[in-house]
Every structure is written in C-alpha cells, then in structure tokens.
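Structural characterization, general
As a plain string of letters, each chain reads:
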Amino acid sequence: MQKRTIKKVAVLGSGVMGSRIALHFAGIGLPVLLLDILHKDSSEIKERNAIVNEALQTAVKSNPSPVYHKRFITNIQTGNFTDNMKDISDADWIIEVVVEKLNIKQQIFEQVEKYRKPSSIVSSNTSGIPIQLMAEGRSDDFKNYFCGTHFFNPPRYLRLLEIIPTTYTNRDVVDFLLHYGDVFLGKTTVLCKDTPAFIANRIGVFSIMNILHAQKKLRLSVDELDTLTGTVIGRPKSATFRTADVVGLDTLVKVANGIHANCPNDEAKALFEIPGWMNEMIAKNMLGDKTAGGFYKKVKQPDGSKQILVLDLDSMEYRLSAKPKFSSLENTKNIDDLGLRLKTLSESKDTAGDFYRIFHYGLFSYISHRIPEISDDIYQIDEALKAGFGWEIGAFESWDALGVSNTVKEMKDAGYSVAHWIDEMLNNGHHSFYKLAEGKRLYYNVISKGYKHLHDNDAFLVMKNFINQTVWKNNLCRAYHLGEDVLGLEWYTKMGNIGSEVLEAIQHSISLAESDYKGLVISNNGPNFSAGGNIAMMFMLSLEQEFDELDMSIRVFQQSIMRIRYSSIPVVIAPSGLALGGGCEILLHADKVIAAPETYTGLVEGGIGLIPAGGGTKEFILRAFDETHVGEPEYLTLQQRFLHIATAKVSTSAHEAYDLGILRKGQDEICYNSERRIARAKQTVIDLFDKGYVMPLQRKDIKVPGRNALGTLYSGINGMRSGNYISDHDVLIAKKLAMVMCGGDLSEYATVSEQYLLDLEREAFLSLCSERKTLERIQYMLKSGKPFRN
C-alpha cells in the first residue's frame, strides 16, 4: 500500500460549499489553493480574482463561523482557473466543487488532467451526478485516483463525508479517504455505492416524503408534524418543515425529482412524487428562508417585534403558529431514554401514535430494501443519517428500539413489505441489528449472515457500552472499567449540570482509581460535557439565606475540583460541546484535556452576577503568574485573564480555548474526530501512568500584586461605568473579582497558596449571592434559559 500524506489541497469552485470546504481544510492547518472563474474585463490580479475573493469573504463573515479560528484563513491562497490551474501541480488532493452540470465538471477535469501530478487524488463534491460518468474519458491514472467525496453543508458542523468510488478507483485510495476524513477532518466517513443521492439524501429525503404522505392521510398541520418529528424522536429541533425552509424547498424538490426519475426500480418510487400543494409553493416562489417565506414566515409587527406564521396546507394561506398538544407526547416527556420513548410513542393509541406507526413502518420497509442497493452494511445507513441529517438515533437503531420481530409482524399486517434478508435474519435466530459484547458494538452483516465488529471499536469508545463493566454508580453517574485498568466516569444530568451526586462521583471515582486502576477518564458521549453547576439549588439556598449550607456546598465543590488535580493517578478530561462555569473549572484542573474541536468553554459566572468559585478564579491567577515573562508590561497577563472572566468570554471552538488560557499549548490536545476522544483520553491515562505519574504538590508560591494592580483594574472598571457600558451591579461584581485576582487588599506583592486564593474566591462568591440584583439575574436565567444582558 502506497504511503500517502496530504500536504496541500486544491479546491476548485468557491461557492457556498467550495469556500467552506476550503476553510475546513485550512482549519486543520493545511495550505489550500481555492480557485474559481476569472472575473471578466479585469487586468489587475486582485480584480481577476474578484469572484473567488468575494466568495471567501462572504463565507468568513457567515455565522456561525465556518472555520475553527480566524488565524487559519491565511492558509488559503486564492486564484482563478485561467491563471492558476497550473498551481494544482503540487496538490495532493484536488476537490471539484463547481456547478452541478456534468459538461462543466468534465471541462474542469480536462484542465485538471493537464496539471495534476501522477497519483494525486481527484474527487468531486457532487450530490447527485453519477461519479462513474465523470470519470469517463479520463486517463487510467486519473480514473484510479478519482472518486466522489460528498461533504454536507456546513462542512465544519455537519460531520458526514460520503466516499463514493467508481469501478476504476483503487481500493487503497478509498481506504485512505475513509481514514483521512475520519482522523484528520473529524468526519463520520461512510462508504457509498454510486447510486442516485447516495445514502444520506436517499434515505433522508425519503423520510421527509414519507412524512408528507402521512400528513395527507392523517390531515395533520405543518406545526403538528413539526411537533411530532423534532427533538421528541431524536431529530433536530428544526424537525421537518423548518428544515425544509432552511435547506430550500427547491433543493428538496430537486433531490426528490432526481430519485423519482433515476430510480425506476425503487418500490417506493410513488412516494417521491411531489404533492400538488408543494408544486404550488414552488410556482409562487415560496422556497423558505431564501425567499422570506416557505412553510413558515416571519412578519414584523407595528411595535417592531416579529411574529411567526405557519402555512395552512388546505387554504395555502398563512396563520398564527400554534403549539399543538398530543396526549402521548405529554405522557412520555419524562422518559429520557430515547429508544424507550420511541417504543412508547409508537404504541400510543392517539393520532400521534397513528403517525409514528405509519412513519416508522414506511421507513423500516424502505431501508430494508436499500440493502445491498446503496450499501452492503446497515451501520453505514445509520451513520450517514446521524452525521448528515442530525438524527440522534439511526433508522436501524430505531427499529431495534421498537423490537424487530414484533414490528415486522405489525408491518406485514398493515401491508408493508420487508426485504427477504430481514425474514432470513429472524428465522436464523437473530432478533436485533446491533448488540454489545464486552463493551464493543456488533452489527448484523447481511452478507455473512452473522454479527461483525463495528469499524475500529477500540478507537471509538462509548461509555454506555460498558454498562456491564459498571464499577460504581449513583442515581446520576456511573463509573465503568474501560479496560486496560482505566476507569471512566460519566454523568447524565440535564446539560451535564454538576450537583452533589456528580461531586460525589468525582471524589469516589478518583478514590477507586487510586486503589485499583491506572487512572481516570472523565467524559461522556452526549452533546455537552457540562453547562456548569446546579444554579437552581444555589438560588434556593441564597433566597432562603442558608449561607452556611451554601458555604459548605462551595467548599465541597472546591475540594472535588482540587481532587482532580491532586490525586495519585492521572485524570484526563475529554470534553465536547458546552464546558461552562463548573465544567470549565474541571478542565482547568485536569492533568490533560483531550478536547473535541467543537468545545465551547469559558468561566461564565459573571453573566449571572457571580465570580467563579470552584477553583476557576484561583487557576486563572496561578496561570497568570506562571505566564508572566520578564519584559512584559506589568499585570498584562493578569488583566487579560480578568477580562475573560469579567466579560464571561466563551470560546467558539477548542482552538479559541487556547487563546483564553483554558487549554494549555503543548499540553492539552484537540481530537478532530470527537468520537475518538475517549479512546485517546484512555490511552493518555495509560501513557502518563507508564511514564511514572507522580502526584503534584499544591502550590504555595503564587505571587499576587495586591494594590499594585488593584488600582489599575479599578480605574478600568470605573471608566467603563462612566461610559455607561456597565451597570452599578456590574461594577460591584468586577471589583469583587479584581480584589480576588490581585490577592486581596495587600499593600505590596505577596506570595500565597492555592488554598488562600480558594478562600478568597469563595468569600467573594458568597457575598455576591446575598445581592438582590444577583438573585434577579439568576432568576431570569432559570426562567428564560438565557444569561442576563444589560
């Protein structure tokens, strides 16, 4: 097998997808050449590249950001096809992302053929044109290194990358792209066959069309269907029709029409026929967000507020959006286990239950018939839907949750067919598509008619898969033996919030690890690591003036966090999603952090009128002292860290967390594929232990400036108040924070301990809890779910 590395990428086409694909590659540190057509009637180089430069700037300014950090933008060099196609000669991977017209793509590939180096990978980001057709007429070397690489938009956030080889593509190239996309680009890479719409769009669009036909049968409204097909069944919040508005109704119709036209043997072909009312929407240019109106429409009111209207599919007129109620949804809202909730909803006897049966029976029938047409393996379909459409649970996984044997019988009774291999599987005594064995997940393989391990199980650890290796648990947390003498801890509170049971679990897991294991990994496989401490409990204690109890709670929190830093075994944290407040303080005290790129972290307590008191303020002071270098402006590092806390600054990626001083350069790492975090964290624990891990000593050498810096910080705070940028209450919070960060009201520099600073931050925190304005901010956040803004 040829050793291959990617040192440079060329992206041909700078539209919405091309520019964002270029930014994603730039975001992992690669130099990228981004080309587009020559700007007409131009002579200056800047003018000749006007089209590509404007497209790139539009992408850079989009929100959310398509790149992990703005510094990576400079990795992109722009040019045009006329002047710069020759510059692809040193590119290792050339990606075509031009308009979806075969003849134009073929013209581009003809130029690529002239300049590419032998054995360089060439791929197309097409979402629908057969890959085989694009390869025809090219040289053997081109064909051998050519395939489809279908990214989903936006590439930074949607993790799916479909790899579609032709009959000519070298298997080594396919294997390389599957691996590279996974490890370096952080993608869920899925091997697809060269069939219309590949995997995700084929099944995803079928699911939408299936819902539309269920609507006709059950006479459900747009807002009713979105209520039934959103987060309650593990789909994105945008559900069905809001998603269609975001994507664009014309795009949805184009894909559906393409499948209808190009899949003559599809048994569900009729479902891809566009309903009359949808054709009417297309004719009236009601395409969704791009035309300011689709299934939903925002209308500005006389008072300046916006009102959301929803389309009535009978009258084709807009009306006020309602909040539909279904008894089955009310009865299952407290069922946290998604599989159990799906099963319960599908067994319900109300209209919602009727919908879920139609929806699931149609989906299950369809996916059974797509094996082996679009993929040989069931897990490829599930992975594609989860990574490309944001499904929390895959289609075959959903079937497992409802019970395969019983559901097949019910489907047949209702007139739905299943593929022959389903009956064969059940007849052979296999009654689920997936199963667990010793913490590893297996899937049913249609070809071998037995179970196989899912890809590289050792690299993709899922905490809950080790439930049979549970070492200790309480109501909200579990500690698992992850193998190789490494303990893993996860908690499953709402948003990962940290309360007394989580603190108990941290302390107990560390004690267990010190006794019997090499070390501890703290992580989870949920969307968020932790949004912080138990604010509701703290609010009640403050409101009832139970300050002794509140003081004890903070002490326990501090002790638990310090236990992470000061134990005889290595503790490695692997966060993803939100790691705010107390969650951030956990990261700050880890021996090492293995972060997903989409880690959003910061000390946000200032947003509710408090300061960090779980060791966060202390740790920022300690790090400011360690980072201050001779010749730097006095207190500069301390001031910067003060501002990060005072403004409740949150990183928008793990890369930005380095800028905030939360992640440590040269020590903490980013794992681009978030699903590999836990395995890498486990290996890090083993490596640290094997190198002879020694518990660090608590610091007693921290130099604090006292009044030497306090006056400078106070002056800045007063200036912000004079300019009306902050309120009187903000001044109080900021001055309390400044006092702690300077080490107290000391007349000169002093050397203090970590415990001294912990006591200071706790005292400041308690004093702010007694402030009426602070309680009002906390109450506002608890009611609205949003931080207070002046």
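Just so it is clear, the structure is predicted and the values come from calculations on it, not from any experiment.

A tally of helices and strands in the protein yields 32 helices and 25 strands. Principal-axis analysis of the C-alpha atoms gives the protein an extent of 85 × 70 × 65 Å. Taken over 790 residues, the protein has a buried fraction of 55%. Contacts spanning at least 24 positions in sequence make up 69% of the contacts within the protein whose residues lie at least 6 apart. On the protein, roughly 33900 Å² of surface is accessible, and the fraction owed to carbon and sulfur atoms is 52%.

Glancing now at the environment of leucine 320. Along the polypeptide, leucine 320 turns up in strand 11 (residues 317–320). Considered as a pair, leucine 320 and proline 118 are 202 residues apart in the sequence and their alpha carbons are 60 Å apart. Setting aside chain neighbours within four positions, we find leucine 320 in contact with Gln307, Ile308, Leu309 and Val310.

Before going further, it helps to spend a moment on the sheet that holds strand 18 (residues 519–523). In space, the seven strands of this open sheet follow the order 15-16-17-18-19-21-23, with mixed pairing throughout. What marks the edges here is a single partner per strand, and that holds for strand 15 (470–473) and strand 23 (669–670). Note that strand 21 (residues 592–595) and strand 23 share two bridges and pair parallel. Counted as the bridge partner of isoleucine 594 is glutamate 669 from strand 23. Of the strands in this sheet, strand 17 (486–491), strand 18, strand 19 (571–574), strand 21 and strand 23 touch helix 28 (residues 677–690), which is tilted by about 160° from strand 18.

Closest axis-to-axis distance for the helix 30 (residues 728–741)/helix 31 (residues 754–769) pair is 9 Å, and the angle between their directions is 165°. Regarding the angle of helix 30 to helix 31, the classification is roughly antiparallel. Pair helix 30 / helix 31 crosses with right-handed handedness. Contact with helix 30, carried on its side by Leu732, Ile733, Lys736 and Val740, involves Leu757, Leu760, Glu761, Ala764, Ser767 and Leu768 of helix 31 and no other residues of that element. Residues of the contact of helix 30 with helix 31, tallied by class, amount to seven nonpolar, one polar and two charged.

What follows covers the nonpolar core. Phe25, Trp93, Tyr180, Trp491, Leu520 and Ile586 are the most contacted members of the largest nonpolar core, which totals 122 residues. Those residues in contact with phenylalanine 25 that lie beyond four places of it in its chain are Val9, Leu30, Val32, Trp93, Ile95, Phe151, Tyr180 and Leu185. With 110 residues, the next largest nonpolar core counts Ala200, Val232, Leu249 and Val253 among its residues.

Turning next to helix 30. Residues separated by three or four positions in an α-helix point in the same direction, a consequence of the helix having 3.6 residues per turn. The end-to-end C-alpha distance of helix 30 is 20 Å, a good match for the 20 Å that 14 residues give at a rise of 1.5 Å each. Structurally, helix 30 contributes buried residues whose contacts are with helix 25 (616–627), helix 26 (636–646), helix 29 (707–722), helix 31 and helix 32 (772–784). Directly after helix 30, the chain includes glycine 743, whose backbone phi takes a positive value near 85°.

For the structure shown, the criterion picks out 54 salt bridges. Between lysine 409 and aspartate 413 there is a salt bridge, and its shortest N-O distance comes to 3.3 Å. Of this pair, lysine 409 and aspartate 413 both sit in helix 19 (residues 404–413), four residues apart, which is roughly one turn of the helix. Using a relative accessible area of 54% as the deciding quantity, one classes lysine 409 as exposed. What makes aspartate 413 exposed here is its relative accessible area of 60%. One salt bridge connects lysine 440 with aspartate 458, and the closest N-O pair in it is separated by 3.0 Å.

Attention shifts here to the side chain of glutamate 585. Assignment of secondary structure puts glutamate 585 in helix 24 (residues 582–588). Here glutamate 585 sits buried without a salt bridge, and the closest side chain of opposite charge, lysine 618, lies 9.0 Å off (N-O distance). If sequence neighbours within four positions are ignored, glutamate 585 has contacts with Phe557, Ile561, Leu603, Glu605, Pro612, Ala613, Gly614, Gly615 and Gly616.

On to the state of the cysteines. In total, this model carries zero disulfides according to the counting rule given. With no disulfide partner, cysteine 263 has as its closest neighbouring cysteine sulfur the one in cysteine 192, 14 Å distant. With a relative accessible area of 4%, cysteine 263 lands in the buried category. Residue cysteine 584 stays outside any disulfide, its sulfur separated by 19 Å from that of cysteine 769, the closest cysteine. Accessibility expressed as a relative area gives 0% for cysteine 584, which makes it buried.

For leucine 12, the position within the fold is in strand 1 (residues 9–12). Under the relative-accessibility criterion, leucine 12 is labelled buried at 0%. Taking C-alpha positions, leucine 12 is 43 Å from glycine 785, a pair spaced 773 residues apart along the chain. Residues contacting leucine 12, with those up to four places away along its chain left out, are Leu35, Phe81, Met85, Ile88, Ile94, Ile95, Glu96, Val97, Val98, Ile108 and Val112.

Here we take up a negative patch on the surface. Together, Glu544, Glu546, Asp548 and Glu549 make up a negatively charged patch on the protein surface. In this fold, aspartate 548 is placed in helix 23 (residues 547–565).

Another aspect to go through is the sheet that holds strand 1. The strand order 3-2-1-4-5-6-7-8 describes an open sheet built from eight strands, whose pairing is mixed. Of all the strands in the sheet, just strand 3 (76–80) and strand 8 (188–191) have a single pairing partner and so form its edges. Adjacent strand axes in the sheet meet at a mean angle of 25°, parallel and antiparallel pairs treated alike. Summarising the sheet, strand 2 (residues 32–36) and strand 3 pair through five bridges and their orientation is parallel. The residue of strand 3 that forms the bridge with leucine 34 is threonine 78. In this fold helix 17 (residues 378–389) packs onto strand 7 (160–165) and strand 8, with an angle of close to 140° to the strand it touches most, strand 8.

Here we take up the side chain of serine 19. Considering the arrangement of structural elements, one finds serine 19 in helix 1 (residues 16–27). Of the residues examined, serine 19 reaches a relative accessible area of 1% and is grouped as buried. With near-sequence residues (within four places) excluded, serine 19 lies in contact with Gly13, Ser14, Leu34, Ala55, Leu56 and Ala59.

Time to look at unusual backbone geometry. Cis rather than trans, the peptide bond between asparagine 153 and proline 154 has omega equal to 0°. A cis amide bond links isoleucine 371 to the next residue, proline 372, at an omega of 10°. Unlike most non-glycine residues, aspartate 485 shows phi in positive territory, near 65°. For aspartate 485, the position within the fold is in the loop between strand 16 (477–481) and strand 17. Residue classification places aspartate 485 among the partly exposed residues on the basis of a relative accessible area of 38%.

Evaluation of the coordinates by the stated rule reveals 28 aromatic pairs. Between phenylalanine 25 and phenylalanine 151, the ring centres sit 6.2 Å apart and the planes meet at 65°, which makes this aromatic pair edge-to-face. One end of the pair, phenylalanine 25, is in helix 1; the other, phenylalanine 151, is in strand 6 (residues 146–151), with 126 residues separating them in the sequence. Judged on exposure class, the residue phenylalanine 25 and its partner phenylalanine 151 are both buried. The residue whose ring lies beneath arginine 4 is phenylalanine 176, and the NZ or CZ to ring-centre distance is 5.9 Å. The ring of tyrosine 749 has lysine 703 lying over it, and the distance from NZ or CZ to the ring centre is 4.8 Å.

Reading the values: the criteria
- Residues numbered from 1 in each chain as written.
- Predicted model: local features only at pLDDT ≥ 70, side-chain atom pairs only at ≥ 80, totals over all residues.
- Heavy atoms only, no water.
- Helix = DSSP H or I, 4+ residues; strand = E, 2+ residues; numbered from the N terminus.
- Buried < 20%, exposed > 50% of the residue type's maximum accessible area, 1.4 Å probe, protein only.
- Contact = heavy atoms within 4.5 Å.
- Areas by Shrake-Rupley, 256 points an atom, 1.4 Å probe, with all protein chains shown as cover.
- Pairing = 2+ DSSP bridges.
- Axes fitted to C-alpha atoms, helices over the stretch in contact; angles between N-to-C directions.
- Parallel < 35°, antiparallel > 145°, perpendicular 65-115°, else oblique.
- Left-handed = near helix turned anticlockwise from the far one by under 90°.
- Nonpolar A, V, L, I, M, F, W, Y, C, P; charged D, E, K, R; others polar.
- Core = buried A, V, L, I, M, F, W, Y, C linked by side-chain atoms within 4.5 Å.
- Expected span 1.5 Å × (residues − 1).
- Salt bridge = Lys/Arg side-chain N within 4 Å of Asp/Glu carboxyl O.
- Lys, Arg positive; Asp, Glu negative; His and termini not counted.
- Disulfide = S-S within 2.5 Å.
- Patch = residues over 30% accessible without salt bridge, like charges linked within 9 Å, V, L, I, M, F, W, Y side chains within 5 Å.
- Charge placed at Lys NZ, Arg CZ, Asp CG, Glu CD.
- Phe/Tyr/Trp six-rings, centres within 6.5 Å; stacked < 30°, edge-to-face > 60°.
- Lys NZ or Arg CZ within 6 Å of the ring centre and 35° of its normal.

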